[in-house]
Structures are given as C-alpha cells and as structure tokens.
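# Secondary and tertiary structure notes
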Amino acid sequence: MKTKFATEIPMRKIVHLIVALALIASMFPGPIAAQQGSGVTVIQNGTILTVTKGTIQKGSILIRDGKIAEVGTNVKVPAGATVIDATGMYVTPGLIDCHSHIAIEGSVNEGSIAVSSMVAVADVIDPDNVDIYRELAGGTTASNVLHGSANPIGGLNAVIKHRWGKDAKGLLFEGAPPGIKFALGENPKRSNFTPQPGQQRRYPNTRMGVMDVIRQAFIDAREYKKSWDAYNKRVAAGEKNAIPPRKDLKLEPLVEILEGKRYVHSHGYRGDEMRQLLLLAEEFGFRVRTLQHVLEGYKIAKEMAKHGVGGSTFSDWWSYKNEAYDAIPYNAAIMTKYGVVVSINSDSAEEARHLNQEAAKTMKYGGMTETEALKMVTINPAIQLGIEKHVGSIEVGKDADLVIWNKHPLSIYAVAQTSIIDGTVYFDRKKDMERRAELEKEKKALMDKEKAAAPARQGPPGKAPGAGGAPDERQRPPQVGQAFQPVQSSGEVQ
Amino acid sequence: MLPRSARSSFSGVIAAVLIAVLAVGTVSVPDARAQAKGAAPPYFAIKGARIVTVSGAVIENGTVVVANGLITAVGANATIPPEAWVIDGKGLTVYPGLIDAMSDVGLPAAPAGPAGAPGGGGPAVALQQAAQQAAARPSQGPEDRPGTTPWRNAADELQPTERRVETWRNAGFTTVLAAPKTGIFPGQGAVINLAGERPGDMVVKTPATLHITLQQPGGFFGFPGSLFGVIAYIKQVFLDAAQARAADEIYTANPKGTERPDYDRTTRVLNAALRANRPVLFPATTAAQILRALELNEQLKTNMVIYHAQRAYESGVAAAIAAKKIPVLVSVKWPEKEANADPEAEELLSTLRFRDKAPSTPAALDRAGVRFAFYSDGIANPKDIIKNTKKAIDAGLKADAALRALTLGAAEILGVADRTGSIETGKIANLVVTTGDIFSDRTQVKYVFVDGRKFDVKEPPPPPLPAGGLGAVRMTGRWSFTVIAPDGPQPASADLTQAADGTLSGSVSTQYGNSTITKGSVTGNRFTFTFLLDLGQGPSDIIFSGTIEGNTVKGSVSALGQDFEFTGTKPGSGQSEAEEVRQ
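What you see is a predicted model; the values in this text were computed from it and never measured. (Residues numbered from 1 in each chain as written. Chains lettered and ligands numbered in written order. Predicted model: local features only at pLDDT ≥ 70, side-chain atom pairs only at ≥ 80, totals over all residues. Heavy atoms only, no water.)

### Side note on the overall build of chain B
Just so we agree on the cut-off: Counting from the N terminus, the helices are the DSSP runs of H or I reaching at least four residues and the strands are the DSSP runs of E reaching at least two. For the exposure calls, accessible area comes from a 1.4 Å probe over protein chains only, and a residue counts as buried if that area is under 20% of its type's maximum, exposed if over 50%, partly exposed in between. To be clear on the numbers: accessible area is Shrake-Rupley with a 1.4 Å probe, and residue cover counts the displayed protein chains and nothing else.
Scanning chain B from terminus to terminus reveals 16 helices and 24 strands. Looking at the 583 residues of chain B, the share that counts as buried comes to 56%. Working note: accessible area of chain B is about 23,800 Å², and carbon and sulfur atoms make up 53% of it.

Printed below as a string of structure tokens:
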C-alpha cells in the first residue's frame, strides 16, 4: 500500500532489485571512516567531464576544504596532499536524484488527509538506511527526498547529501531551498485505492476535486496570512489585548509558497491536469518549480517552458497504470528541445544506483548529446532544486562532490569506483570489498556468541549439555513450519 | 506528604484501641491503621543486617528502624525502640525498595471499561477500543486531537487488586510509575507504592509525569497515519498550548473588550504540566530517534525524559544526551531472537549487533554522566527485570550504578527522591530484605516493606526443574502451533508462562505479526489464551483454546468470527527429558 503511492514499481524493476540485492548481499556495509575530511586532495590524470565547461583529457582536480579549488591539466600537487590516481578513469560531478523516497523512517505518506503540508521528511530521516550507501556506490551523491503522492498537497521535502555515516542532520544539504510535494491524478484521487468496509472515501475522488483541494488550501493560506498581518499590525500599533492567532503548521508552508520561498515539486502524468496546476499557480502568483514524472510533458512542453517549470521524468518507463499509457521515451528530449530544464529521476532506491545509464537512454531516444544527457542527472536536477551554485558541475568554488568511474559514465559498462562528497571519500569500491570480509567475520563471531549462549536460555542455568549428548543438541530441533519467518522486530518504539 | 499509616491514625484510634484489646499480647503498641488492616505492627527494627542505603555508604552490620510507615533510624548503632518488632537481620541484606520506572502495573485491564475486570491486557484492550474509535470516525487533522487524553491520570484508574501489584512486590519492587499507554498523549503517570487497600493508599505522587508516544492511532485512514504525521501533530499541540497560554494571559488580565479564547482541555492540561516542569516522557530507541528527540525538545522546551533508548550505546549518542542533561529510562526488555525463528534464516548484521550491544547501553550512559533508570516495558515476570539488569552489569555497568538506577536514580528522575529511593531517616519505609546480593540468581527475597507494611515473601527454593510432565508448569515453555487455515497450514508459535494459579501469559508469533497474550488460563487439562492481532481488518482478538496431552496440544482458534483447528508441540521438551535422565 505504501509503495503503491510512493513509487511505481513494475516487475522488471523488482527483478533488478533482487539481482542487485543478491550482489551486494544482505550485509550492512556501515560507514567508511572519512578520509582526510577537510584536507587537500588531488584527483590526477583523469578524463574530467565538467558538464558545464567541457571535457578535460588527462586533467586534475585540486580539492581544498571540501571545495573544488582548481581544475585543469596543470594542477600542482601541494605538499602533503592526498593523491587519487584516476589514470584511464572518468570524473563527473556527483549525480543528483530529483525524486527519491529513501532514508525515510515510517510511512512515506501521511495518507489520511488530502493536505498534509504539516509533515516534514526532515523530521524522520533515517541515516542508517542502507540505500544511502548503495546509491552512493552508483554515483548518486545528492537526493531530493520527497513525501509520497497520496495527497494533492503532501509533506515537506528534504534535500540530502549521501554522507553515509553522518547523523540525520549531517545528511541535510545546507542551503538547499525548502520544497514541498504536490500530487495530481490517480494517486491523490485514489482511483486505485479500495477503502475498508464501512470506511468513508476521502475527498477528493476526481481530478476536479484535486484542483479544488489545492485551490482551497491556498485560499485558506491567504486568509491565515491576513490574520497574522492583522495581528502584527495591532501589536505594532501598541495594542496590548491582541490575541495572537494560532500558528498552523499546515498553512505556514503554503504561505511560504505564495511568497516564493518554497518550491513546489508536483507529481503528475497527464498533460491537461499538469497544465491546470500551472494555471492555478499563476492565478495565485507563484511558479511551480518542477513537474515530477511528467510523462505527458511532451504534450505541454511549450507551456512548461513559458511557466518556467522544470520537468523531472523517467527515461523509459510507462504503462503501469492508466494515466501512464500515453508516455513516450522521447519525453525528456522533447521537453529539452522546447527549453525546459529536464532531469531524469529514479523514484526508486534501485534505479538511483544507475542514474548514469538512465541518462544515457536519452541519447538513443531523442538524440541528446553526451553533455545534454549528463546534464539530466547533474546540473539540471541541481537547478531544479536550487542548489546549482553548490553542485551539479565541476567548477572552481563548487562543492567537491565527485564520482570517479572506470569507464565513460554513459557506457553500460561504467562502474563507480569512488564517490566523494565535500572532498571526503564516502564510497571506495576497493575498501568496500575489503570491508566485506571484516563484516562477515564480525557477523560470524556474533552468531557464534549467540549460539554459545543459547543453551543457557533454554534450560535451567548452570547446566552444561551432557557429555553424552549429540553435538547438535545445543541447537534447537527444527520447528514446525520452518518456512515461517517471524516478523523481525524493528526496534522501534510505538 | 504524610506517610500513609500516620495520616489516618486519628480516625482509626478507636478501632485501634479495640483491636489492641482484642489482640492482647501480640504487639506492644499497635498502629491503628496497620492493625485495622490485619497486617504487621507499625514498628519494626531489622537488626544486624547488611544495609545498602544507596544514598550513603553500605553499613555492614546495622539496624534499620521503621515506624508508622517511615524510616526513623538507620545506622550501625541505631536505637531500637522498645515497642518495635525486631527482625534478626543476620545474613540478610536490606535494600531500598526497587522502582520500576514505567509500567502499567496497578492499572486495570480496560481503563475506561467496567470496574473490577481483573488481569493484564489493559493496553491491548484499550488499543482495540482506540482502533474501533478510529474506524468509526477517522481523525481529519490535529484539530480532532487524535489519541489525545493527557487529562487521564493513572492515579484515578488504579486497582489495588491487580495481579501484578503482588508479583512485582514479591520480586522486591515497592514502587512503580504507573502510566497510561494508549494514544499519542495517553495521559499522566503516578508514582505508586505496591500495597494498599484503596487506590488512594498507593499514590506517592500524582501527577508525576506527562506521557508522549509515537503511536499512530489513525492507521492509514485517520490523522496521523505516519511517523512524520505524529511528530507534526506533537509539534502542533505544543504550539497550540503556547498560543492558549498567551491568549489566556491576555484575556484574564482584561476580559472586557478582548476576544474570549476557546476552551481546550488538551492545552489546559499540557500547560499545567509544563508550568509544573513535570517530566515529559518521550520514546526513542535508535541513535537517529534519540538525536531527533533531543532536537525536537529544543522546540518543545519540556523537561524531557527519553524512554526505551536501547541503542544509546551507539557512538556519540550518550554524549549527546548528556550534553542536553536529559535523563533516560532504559527498557530492560533486551532484544532477543524470536522464539521460533528459522535457524537458517539470514539476519542482518545490524540486528545481531543490536542484540549483542543493547545491554551495554546503561554502561554507556553511566560513563557519559547521563542520569538513568530502568523500566519493565512489558516484561511479564518481574524477576526478569532484575535478571536483565544483571545483563547490563555483565556488559560493563557497575553494580552500584545498576542498583542506583533501580532505586534512587529512578526516584530522582520521577521527582520523588525527597521521599523514597534510598534508606534514609525520614523517607518512606520502602525496603526489600534479601538473602544476599540482589543481582545474584541464588538470592531470595525474604521480606518486602511497603509504606512500613511488612510482607513475607515465600519464594520457592532456587530454580525448579522445568520438567515437562509436572502439572503446575506444563504450559510453560516455547510452543509451535500449526493452524489449519482454509489456504493451508499456517505456523505460529508462543512463548508461554503458566503461573501457579493457572494464569497463562507470554508472547505469540504469527506470520501476521507478534503479540502479547492479554488473557489466558489453564484449568485441568484445558487451556485458553487470547491476544490481539491485525489480520488486515484492524486489531481483533484471536483466541486459542484446547486440551493438553503431554507435550502436545490441540484445539481451535477463533479469529474474525471463524474457527480453525490447530495442533501444537513443545519442541524443547525432548531435551528436558534427557536432562531428567541424567539426574
């Protein structure tokens, strides 16, 4: 039920997921100790795909205090600098996923109500979620973590950097403008949702209703703003008996949207209703920042460009529900040609591990250039999230969020070797491989320890298994219904 | 506050005299109240015992004098009043009464239901009621105040005859924080002593605490139906409380010409609790949850106490808690592998680490200088609280720190250290007298004093044999069940404990989730137990009933108005037979 709203997962993705899980095994890699966090690092001799400033052959990047200090073919290595040899490798900016639901503790939807702008992803970031690390291993260094799509107006987003090993606060992308999730179409109108017997259906049930809910919410937000303005005026006039209005966590973010201080990232499929949302925004005097999924974006690309809304779409993924039938793989290219800033997103913890391949598909479908394709997972999502001053390309002064690939990243054979955020190595394939043995060893030791302690839990204390007992007497006999797997306690407190 | 026994001594004087006359010779100077209750006399002296005061040094050979419910003298040379009943303390150790820092001991099964319903299962029943309410009319937002009853006070719902009042006391617990559990703001807790004829006799302090949980009473259909929804709700309620406070002040100062603020019971109670700086209990387990709670409290600005906290051993967490000077109630219900887990099933390293490291949490907190106490968290057998505390000692906690956490440390966090928690003159006579070190599994509890009332504890000699064939314990153990459902056999398992009176308790694992038995009993060769489970249509009662024959059972399961047959075995039983042979 949760995933239905959060993400659309066709079978092939599930197969991907299973294969990938099997590859990475069920281990929990754990954070790799940060490597010379704020020191000086030089990445040498690589092919540097800057995205915004062309390609540099045999180039080097000097990183100082987490920022890119120099880029070029004549970078001198300062004394004491850490050198990463990238001979024969490719360096790109860290990939950015404009639509993610990873690292959320609990449900990704507050699905009980149609307007849930009081809930915030930042409140429930789970820094131990292994997806953060697995995506890092695929070159993704930043993600737009969104509320699900159950509601016309969903919750507040959190843009994170994949600083695996840091606490929740340490993952947040400093300076990223705040955003919010909206959703149109089948999910918020719940046409694919069966209520419990005796349960009232939640309003809205139609696309008209979705627009009504959004419009009404902004009308309420305007009224709310007025009540505060009136109160502040009374206080400013020296009135002592003015009672402050209630601070409403639901309406505050909507006021921020009206004031242009919060980005709207709206899930949508059909061209007509996405266009409606743009018109509604214009009616209330704000701009929608991105249309998410936007599978029919090619039908309204001109209008999108005019409004100034970005499009964040899938490469080639459709027909998983009615409103996804009119999609074409040329969507990203067509929107781009009309001047829309386009990104390719994942909406999936699996797909976010190979955004480079997803981007590459736009070369096949629509004839994008290498740079145009790379932009869709680097600078373009950065622009859509308002973080392009910090990340998204390899330029002096930007955050040193970099990925080193063994092959050209738009090749199907490319595998990320090293992922760097703020100049710190957060993923290193070689070290990861070494660490696996360590973790296996730790795991075995813990299992052995438990096994050794098990007899004490079963029998009376102080009784060792008898000398004549079979060697396996220490283990419990097979249980009825071995296939039965008990629900693992999550260790959460309710 | 006056001690229980002293408080009503005037009103009971006449009765006391009568009884004294009737009971000539038994006691020199009887206390009215204690005598009226038919209990022991009001003056005691435990002489020549090892006294672990907790607040001060251990007295190797000393005397504790108890009079009218209070400790009146402690020391190597304390004077024993002539009227005191002298207990020879040779070979005995006296500790302050233990404190279970959060529990529902003393609270009846159905808090809002008909009075007099005995037995455990209160929270489960209440949860069911909450679920029914939620189904009736889903909450549409914070304004509906879902799962919010902060005005409920445990002190108003106490039931002195609740079964666990006695079992907890017999294990050495004289005091618990009784706390309502159901809802996001379930209510306020009361510190109670575990003895009394009437609920009012038991209360030590009320309201003592304000409780918050992260339950989602609405499910997917009512607000809040997610963790971030609950957190948003909690923030909103505190904002509303601040607004109500401001509005009330303005209105009270000048009602004429001022808009009259609405009455809201929730914010009214919350503001009273905040004004009194009452501890606000907030749950958190993992490092992320604990840090989140600390940060949330920067907004809420409460006298927060974090509870559960079993992953506070993780790097940097204890230090972060210490930096905010926030106390912690650690759940001693340490994580365990599921009773009937598939031994071949792969487990995550993080799960294994958690099971291994959880008992080291108290040591980590202690090293960081965090004030902490322990609570039972649903443990069925109170002896296990002490046993599990021992595991924390084995994982590095100093024994005296562990004892402090079970006594004075808990009293400090709960705001009752001025009256209980240590053996000091003037404090409430809550004592536990044992045959040795409280953390040794060979130690037996001899006497427990609650408010100066003496209770003899008849403990069976150390660990009896879990012989499979003995009638009294034949349901105790791990059971595997196979339920014949329409779509094929389904396994389930239960970890059962059969009490001497035939009461059955424990936990159940099924493929739909795990649950705790709310009601269960064994009579003759018949047994029945009930637990609450969500089979996809909201929580409902599942009832197992059947007959026992040796190590097998059979019977029927009643669920959602349908009955299915089941069979069951006790797989561990083969082993205990082998043990018997060896004996």
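### Here's the deal with the pairing of strand 2 (residues 59-67) of chain B
Residues and elements named next belong to chain B. Note the following rule: In this analysis, strands are considered paired if DSSP registers two or more bridges between them.
Of all nine residues in strand 2, seven are buried, a share of seventy percent or more. As defined by bridge partners, strand 1 (residues 43-51) adjoins strand 2 across six bridges and the pair is classed as antiparallel. Residue pairing for strand 2: A49 is matched across the bridge by G62. Where strand 2 meets strand 3 (residues 70-75), five bridges bridge the pair, whose relative direction is antiparallel.

### Section: the environment of A:D422
Residue and element names in this part refer to chain A. Quick reminder of the rule: For the purposes of these results, a polar contact is taken to be a pair of N or O atoms within 3.5 Å, where, inside protein, one atom must be able to donate a hydrogen and its partner to accept one; residues adjacent in sequence count only when each atom of the pair is a side-chain atom.
Take D422: it is sitting in the loop between strand 16 (416-421) and strand 17 (424-428). For the pair D422 and K398, spaced 24 residues apart in the sequence, the C-alpha separation amounts to 9.1 Å. Among the polar contacts made by the side chain of D422, one reaches the side chain of K161 at a distance of 2.8 Å.

### Here we look at the packing of aromatic side chains
Residue and element names in this part refer to chain B. Put simply, the rule reads: Aromatic rings from Phe, Tyr and Trp, with only the six-membered ring used for Trp, were paired whenever their centres fell within 6.5 Å, and each pair was classed as stacked if the ring planes differed by under 30 degrees, edge-to-face if by over 60, and tilted otherwise.
A full pass over the atoms with the stated rule returns 26 aromatic pairs over all chains. Consider the rings of F481 and F529, whose centres lie 6.2 Å apart with planes at 45°: the pair is tilted. Remark: F529 occurs in strand 21 (residues 526-534) and F481 occurs in strand 17 (residues 477-485); sequence separation between them is 48 residues. One exposure class covers both F481 and F529, and it is buried. Put simply, the rings of F481, F527, F529, F531, F544 and F566 pair up and form one aromatic cluster.

### A look at the domain arrangement of chain B
Residue and element names in this part refer to chain B. Rules: In this entry, domain limits derive from an automatic or database-based domain assignment. Salt bridges are defined as contacts in which a side-chain nitrogen from Lys or Arg sits within 4 Å of a carboxyl oxygen from Asp or Glu. Residue type decides the class: Asp, Glu, Lys and Arg count as charged, Ala, Val, Leu, Ile, Met, Phe, Trp, Tyr, Cys and Pro as nonpolar, and the leftover types, Gly among them, as polar.
Splitting chain B by domain gives domain 1 (1-97 + 421-462), domain 2 (102-114 + 121-218 + 260-338 + 349-419) and domain 3 (477-582). At the junction of domain 1 with domain 2, the criterion picks out one salt bridge. E197 is the partner of R453 in a salt bridge, and the nearest nitrogen-oxygen pair spans 3.6 Å. The interface formed by domain 1 and domain 2 includes six residue pairs in polar contact (both at pLDDT 80 or more). Put simply, the parts of the chain that give the side of domain 1 that touches domain 2 at least two residues each are strand 5 (93-96), strand 14 (431-434), strand 15 (445-450) and strand 16 (453-456). A per-element tally of the side of domain 1 that touches domain 2 places strand 15 first, with four residues. For the side of domain 1 that touches domain 2, a count of residues per class yields 16 nonpolar, five polar and seven charged.

### Comments concerning the pattern of salt bridges
All names here are of chain A. On inspection of all chains with the given rule, the structure shows 55 salt bridges over all chains. For R163, the salt bridge is made with D422, and the minimal N-O distance between the two is 2.8 Å. With R163 in the loop between strand 9 (158-161) and helix 4 (168-171) and D422 in the loop between strand 16 and strand 17, this residue pair connects regions lying 259 residues apart in the sequence. R163 sits in the buried class, given a relative accessible area of 4%. Residue R436 pairs with D432 through a salt bridge whose shortest N-O separation is 2.9 Å. One end of the pair, R436, and the other, D432, are both in helix 14 (residues 429-458), four residues apart, so they sit about a helical turn from each other. Within this structure, K67, K161, R163, E174, D399, D401 and D422 form a network of salt bridges that share partners.

### Thoughts on the sheet that holds strand 9 of chain A
Whenever strands of a sheet pair, they do so through backbone hydrogen bonds, lying parallel or antiparallel. All names here are of chain A. Selection rule: To define axes, lines are fitted to C-alpha atoms, for helices over the stretch in contact only, and angles between the resulting N-to-C directions are given on a 0 to 180 degree scale.
Judged by pairing direction, the sheet is mixed, and its three strands sit side by side in the order 6-7-9 without closing on themselves. In this open sheet, the two edge strands, each paired with only one partner strand, are strand 6 (95-100) and strand 9. Each strand of the sheet is rotated relative to its neighbour by a mean of 20°, with strand direction disregarded. Pairing of strand 7 (residues 140-145) with strand 9 involves four bridges; the strand directions are antiparallel. Looking at the pairing, N144 lines up with V159 of strand 9.

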